Amino acid sequence: LEKGASSKFSFQYYEVEKVISVSPSVGHTSGGLPLTVFGLHFLPEHNSRLRSGGGALSCRFAGGPAFADPIVASVNGTYISSTSVACITPQLDAVPMTVDVSVSNNGAQFTDSAVSFIFSPTPILSQVWPTALGLSGDSAVTLTGFHFREGMLCDFGGVQVRAINVEASQDG
């Protein structure tokens, strides 16, 4: 600027975003899982003044201080409301891994608040017994395989039931 010239720049303050929970809280290392982050003070994408510097609503998956590179991945977020943001989980090579999920309204400063998300290997089904049952239901079905976790759901023709008596396989 020349001497005596003035320029106006806009600067926006906003309430600090806060992460309260995520759903679901467990996903496969193959990534691609739609994740909803719940919290406070998330801003819509059309807030162009805030994002004019190239920043974007983002979800960060961070491994914490135990990892050589504490930032596992950052992905674009989609504004749902001031209390929820959608993002897609990234693909990871290391398993299993618990990461902290945080959000940024501007793509630069992420929330101090974060919640845990667990990346686990994709379950592998090797056997189902019995292979046929009557329509009456209330029968036990035994599934054998690897990478089963407590709280898993089994899908029988579109009807989901919670798995019980899950025993860990030798490889976790």
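Predicted model only: the values in this text are computed from it and were never measured.

Engineer: Teacher, can you tell me more about the nonpolar core here?
Structural biologist: Nonpolar side chains in soluble globular proteins tend to end up buried together. Ranked by internal contacts, the top residues of the largest apolar core, which has 19 residues, are V37, C59 and F61. Residue contributions to this core peak at four residues, all from strand β7 (residues 97-104). Once residues within four sequence positions are removed from consideration, F61 is found in contact with L35, I71, V72, A73, V75, C87, T89, P90, V99, D100, V101 and F119.

Engineer: Could you clarify how one ought to interpret unusual backbone geometry in this entry?
Structural biologist: Residues S23 and P24 are joined by a peptide bond in cis, for which omega reads -5°. Along the chain, the position of P24 falls in the loop between β1 (18-23) and β2 (26-28). That bond from W129 to P130 is cis: its omega, -10°, falls within 30 degrees of zero. With a phi close to 70°, H41 is a non-glycine residue in the positive phi region. Its place among the elements puts H41 in the loop between β3 (34-40) and α1 (48-51). Residue classification places H41 among the partly exposed residues on the basis of a relative accessible area of 29%.

Engineer: Sorry if this is basic, but what is going on with the pairing of strand β6 (residues 84-88) here?
Structural biologist: The side chains of a regular strand alternate between the sheet's two faces. When β3 meets β6, the two strands line up antiparallel, connected through five bridges. Of the residues in β6, the one forming a bridge with T36 is A86. Sheet topology note: the strand β5 (residues 71-81)/β6 ladder contains four bridges and is antiparallel. Its bridge partner lying in β6, S81 is registered against S84. Turn length for the β5-β6 hairpin, with the two strands adjacent in sequence and antiparallel, is two residues.

Engineer: Please explain the packing of aromatic side chains as it appears in this structure.
Structural biologist: When we look at a pair of aromatic rings, we describe it by the centre distance and by the angle of the planes. Evaluated as defined, the whole model comprises three aromatic pairs. Measuring from ring centre to ring centre gives 6.3 Å for F61 and F117, while their planes differ by 75°; the resulting arrangement is edge-to-face. Of this pair, F61 sits in strand β4 (residues 58-62) while F117 sits in strand β8 (residues 115-120); the two residues are 56 residues apart in sequence, bridging distant segments of the chain. Each member of the pair, F61 as well as F117, carries the same accessibility label: buried.

Cut-offs used in this document
- Residues numbered from 1 in each chain as written.
- Predicted model: local features only at pLDDT ≥ 70, side-chain atom pairs only at ≥ 80, totals over all residues.
- Heavy atoms only, no water.
- Core = buried A, V, L, I, M, F, W, Y, C linked by side-chain atoms within 4.5 Å.
- Buried < 20%, exposed > 50% of the residue type's maximum accessible area, 1.4 Å probe, protein only.
- Helix = DSSP H or I, 4+ residues; strand = E, 2+ residues; numbered from the N terminus.
- Contact = heavy atoms within 4.5 Å.
- Pairing = 2+ DSSP bridges.
- Phe/Tyr/Trp six-rings, centres within 6.5 Å; stacked < 30°, edge-to-face > 60°.

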